[in-house]
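Fold and contact review
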Amino acid sequence: MFTKDLKTFYNKMGIDSKLLELSRKIEGELKERFNHIDEIAEYNQLKVLNAMQENKVSDAHFSGTTGYGYDDIGRDTLEQVYADVFHTEDALVRPQLISGTHALTVALAGNLRPGDELLSPVGKPYDTLEGVIGIKETKGSLAEYGIKYRQVDLKADGSFDYDKIREAINPKTKLATIQRSKGYDDRPTFSVEQIGELISFMKKIKPDLICMVDNCYGEFVELIEPTDVGADLCVGSLIKNPGGGLAPVGGYIVGKQEYVENAAYRLTAPGLGKEVGPTLGLNTSLFQGFFLAPTVVSAAIKGAIFAAKLYEHFGFEVLPDGVEDRYDIIQAVTLDSPDAVIAFCEGIQAAAPVDSFVTPVPYAMPGYNCDVIMAAGAFIQGASIELSADAPIRPPYTVFFQGGLTWQHAKYGILMSLQKLLDKKLIQL
Ligand SMILES: *Cc1c(COP(=O)(O)O)cnc(C)c1O
């Protein structure tokens, strides 16, 4: 029941009663969908729990090392837990991997050699990788080291262009990088099953092709991960899904032992690899965050679907829509005007547990040809598993948002975003 106390508290926190009623109705319609999401979380919770038990995670694993970090049994056990959850031979899970981009860079640079070719069979990769690969001329890029890049764009309907992919694969093609999430693009996110089909297709053409998946924002959204369908390497950020909101920094690379080891030689030094790397007291957060990740991810997905439904109700275009299957935690909403984008972000910010009192404003950012607005009131700087939104201020005025450590908070944030639109008379109830 929607108790009077709850309603009063929402009113006190700035949400209007009519908006609450609408949200109640929409939440009611989502019951079955939410049950399904809870079941996925339940399965993934068991998966993580089982891996922790099998590896006898214990208090001794929570003390950190310093300096070289030799014999860090917590670090080694955490890596074994990741390897078990992803069903891979090996894992590199380190606070020294400072972001998703860094983890992807280490995986690529560790496994490619001068003269090799890198292939993206799914179109343009995430913005930050343009510099890494050298699509955009950048100091230290893979291109500077003589690694060539080929890209096969998706077909107009968002599907894989198998003919062109077959043409692109040649004896020099060493590694194919597949980005699972659409990121901040307007293409669909791929299901793990679709990624599996693509990998099978490419491996038939070149069995020794290393297939790597950029798994950012995808972890624990489904029952399986890309490594369950043939990916040789899978890479992500710990301040997104698998850190569960508790990891203060970090990235992971899981996959075949040889390829993970190659990445480790690049992260630390040739010959040293995984043997060094202090955890500096962060082990507890990395273990506990991974333990919480399945339910945190489910909260974020519920928030994304709830938002899709509500914004659809007000006539805005949303991607994905309110009914389609989800393969990552990102929600795009096209708001049609700069004022609406700003109001949306103000709402997300005002709903945050941290810095709720600040007002986000659009500003110029390197790499963008227009102003960008960002809303984030996060415990961990830049953590996008926490409720956050950002948008370039340009047509069609699409805002991308993601995260929410709890469903209740995601819900409040979305209601607050709508409340700001209502207050500015940009929508009507
Ligand atoms: C977030 C993300 C990355 C890496 O971004 P960082 O901000 O460096 O962690 C790469 N690919 C995708 C699809 C992402 O969502």
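Here the structure is a predicted model, which means the values were calculated and not measured.

Section: the overall build of the protein chain
For the protein chain, the count of helices and strands is twelve helices and 13 strands. Across the 429 residues that make up the protein chain, the buried fraction comes to 57%. Within the protein chain, counting contacts between residues at least 6 apart in sequence, those at least 24 apart form 69% of the total. When the accessible surface of the protein chain is split by element, carbon and sulfur atoms take 53% of a total near 18600 Å². Taken together, the 41 basic and 57 acidic charged side chains of the protein chain have centroids lying 2 Å from each other.

Points about the nonpolar core
Counting residues in each nonpolar core, the largest one holds 99 residues, and the members touching the most others are Tyr 82, Met 202, Phe 290, Tyr 311, Leu 335 and Phe 344. Looking at which domains feed residues into this core, each of domain 1 (6–44 + 291–423) and domain 2 (68–279) gives three or more. The contacts of Tyr 311, once residues within four sequence positions are left out, are Phe 316, Val 318, Val 333, Leu 335, Phe 344, Ile 414, Ser 417, Leu 418 and Leu 421. Within the second largest apolar cluster, 26 residues are counted, among which are Ala 103, Ala 107, Leu 108 and Val 235.

Comments concerning the pairing of strand β1 (residues 90–94)
Most of β1 sits out of view: five of its five residues are buried. Going residue by residue along β1, you find Asp 90, Leu 92 and Arg 94 tucked away on one face and Ala 91 and Val 93 tucked away on the opposite face as well. Across five bridges, β1 lies against strand β7 (residues 251–255) in antiparallel orientation. For Asp 90, the partnering residue across the bridge sits in β7 and is Gly 255.

Examining the environment of Gln 80
Inspection of the secondary structure puts Gln 80 in helix α4 (residues 73–85). Given a relative accessible area of 33%, Gln 80 falls into the partly exposed group. Taking C-alpha positions, Gln 80 is 8.3 Å from Ala 51, a pair spaced 29 residues apart along the chain.

Observations regarding the sheet that holds strand β8 (residues 317–319)
Spatial strand order, β8-β9-β13-β12-β11-β10: six strands in an open sheet with antiparallel pairing. Two strands in the sheet have a free side with no partner beyond their single neighbour: β8 and β10 (363–364).

Some remarks on the sheet that holds β7
Read across the sheet, seven strands follow the order β1-β7-β6-β5-β4-β2-β3 without closing on themselves; strand pairing throughout is mixed. Looking along the sheet, the strands with just one partner apiece sit at the ends: β1 and β3 (148–151). Looking at each pair of strands side by side, their axes are set apart by 20 degrees on average, direction ignored. For strand β5 (residues 210–214) and strand β6 (residues 233–237), the ladder comprises three bridges, and the chain directions are parallel. Each residue of the ladder has a partner; that of Asp 214, found in β6, is Val 235.

Concerning the pairing of β7
Burial runs high along β7: five of the five residues are buried. In β7, alternate side chains face the same way, and those of Gly 251, Ile 253 and Gly 255 on one face and Tyr 252 and Val 254 on the other are all buried. Judged from the five bridges that link them, β6 and β7 form a sheet pairing that is antiparallel. Within β7, the position partnered with Gly 236 by the bridge is Tyr 252.

Examining the site of the ligand
Around the ligand, the structure places Ser 99, Gly 100, Thr 101, Leu 104, Tyr 126, Gln 179, Asp 214, Cys 216, Tyr 217 and Lys 240. At 2.5 Å, a side-chain N or O of Thr 101 approaches an oxygen atom of the ligand. Lys 240 places a side-chain nitrogen or oxygen 3.0 Å from an oxygen atom of the ligand. In isolation the ligand has 380 Å² of accessible area, and contact with the protein removes 88% of it. When residues of the shell around the ligand are assigned to their parent elements, the largest contribution, three residues, is made by helix α5 (residues 100–111). Tallied by class, residues from the shell around the ligand come to four nonpolar, four polar and two charged.

Quick word on helix α12 (residues 407–423)
Since the α-helix packs 3.6 residues into each turn, any two residues three or four apart lie on the same face. Helix length check: α12, at 17 residues, gives a terminal C-alpha distance of 24 Å against a target of 24 Å (1.5 Å per residue), a fit within 8%. Counting buried residues in α12 gives 13 out of 17 residues, a clear majority hidden from the surface. Lys 425 sits one or two residues past α12 and shows a positive phi near 60 degrees.

Some thoughts on the packing of aromatic side chains
Taken as a whole and assessed by the stated rule, the structure comprises 18 aromatic pairs. Ring geometry for Phe 160 against Phe 190: centres 4.8 Å apart, planes inclined by 50 degrees, an arrangement best described as tilted. Taken together, the residues span a long stretch of sequence, with Phe 160 in the loop between β3 and α7 (162–168) and Phe 190 in the loop between β4 (173–179) and α8 (192–205) at a distance of 30 residues. Of the two residues, Phe 160 and Phe 190, both sit in the buried class. The structure contains a cluster of three or more aromatic residues connected by ring pairs, namely Tyr 82, Phe 86, Phe 220, Tyr 252 and Phe 290. Lying across the ring of Tyr 126, Lys 240 places its NZ or CZ 5.5 Å from the centre. The ring of Tyr 217 is capped by Lys 240, whose NZ or CZ atom sits 4.2 Å from the centre of that ring.

What about unusual backbone geometry?
The phi torsion of most residues other than glycine is negative, and most of the peptide bonds are trans. A cis geometry characterises the amide bond from Leu 319 onward to Pro 320, with omega recorded as -5 degrees. By the element assignment, Pro 320 lies in the loop between β8 and β9 (331–334). Residue Pro 396 is reached from Pro 395 by a cis peptide bond, and omega for that bond is 5 degrees. Backbone geometry at Tyr 217 places phi at a positive 75 degrees, although glycine is not the residue there.

Re the pattern of salt bridges
With the rule as written, the count across this model stands at 19 salt bridges. Among the salt bridges present, the one from Lys 274 reaches Asp 90, with a minimum N-O distance of 2.6 Å. Taken as a pair, Lys 274 in the loop between α9 (257–267) and α10 (283–313) and Asp 90 in strand β1 lie far apart in primary sequence, 184 residues in all. For Asp 90, a relative accessible area of 11% gives the class buried. Two residues, Lys 203 and Asp 232, come together in a salt bridge whose shortest N-O distance is 2.6 Å. Taken together, the positions of Lys 203 in helix α8 and Asp 232 in the loop between β5 and β6 put the pair 29 residues apart, joining distant regions of the chain. Judged by relative accessible area, which is 2%, Asp 232 ranks as buried. Salt bridges linked by common partners bring Glu 79, Asp 90, Arg 94 and Lys 274 together as one network.

Rules behind the numbers
- Residues numbered from 1 in each chain as written.
- Predicted model: local features only at pLDDT ≥ 70, side-chain atom pairs only at ≥ 80, totals over all residues.
- Heavy atoms only, no water.
- Helix = DSSP H or I, 4+ residues; strand = E, 2+ residues; numbered from the N terminus.
- Buried < 20%, exposed > 50% of the residue type's maximum accessible area, 1.4 Å probe, protein only.
- Contact = heavy atoms within 4.5 Å.
- Areas by Shrake-Rupley, 256 points an atom, 1.4 Å probe, with all protein chains shown as cover.
- Lys, Arg positive; Asp, Glu negative; His and termini not counted.
- Charge placed at Lys NZ, Arg CZ, Asp CG, Glu CD.
- Core = buried A, V, L, I, M, F, W, Y, C linked by side-chain atoms within 4.5 Å.
- Domains from an automatic or database assignment.
- Pairing = 2+ DSSP bridges.
- Axes fitted to C-alpha atoms, helices over the stretch in contact; angles between N-to-C directions.
- Near = heavy atom within 4 Å.
- Polar contact = N/O pair within 3.5 Å; in protein donor to acceptor, adjacent residues only side chain to side chain.
- Nonpolar A, V, L, I, M, F, W, Y, C, P; charged D, E, K, R; others polar.
- Expected span 1.5 Å × (residues − 1).
- Phe/Tyr/Trp six-rings, centres within 6.5 Å; stacked < 30°, edge-to-face > 60°.
- Lys NZ or Arg CZ within 6 Å of the ring centre and 35° of its normal.
- Salt bridge = Lys/Arg side-chain N within 4 Å of Asp/Glu carboxyl O.

So yeah, pure geometry; function would need other evidence.
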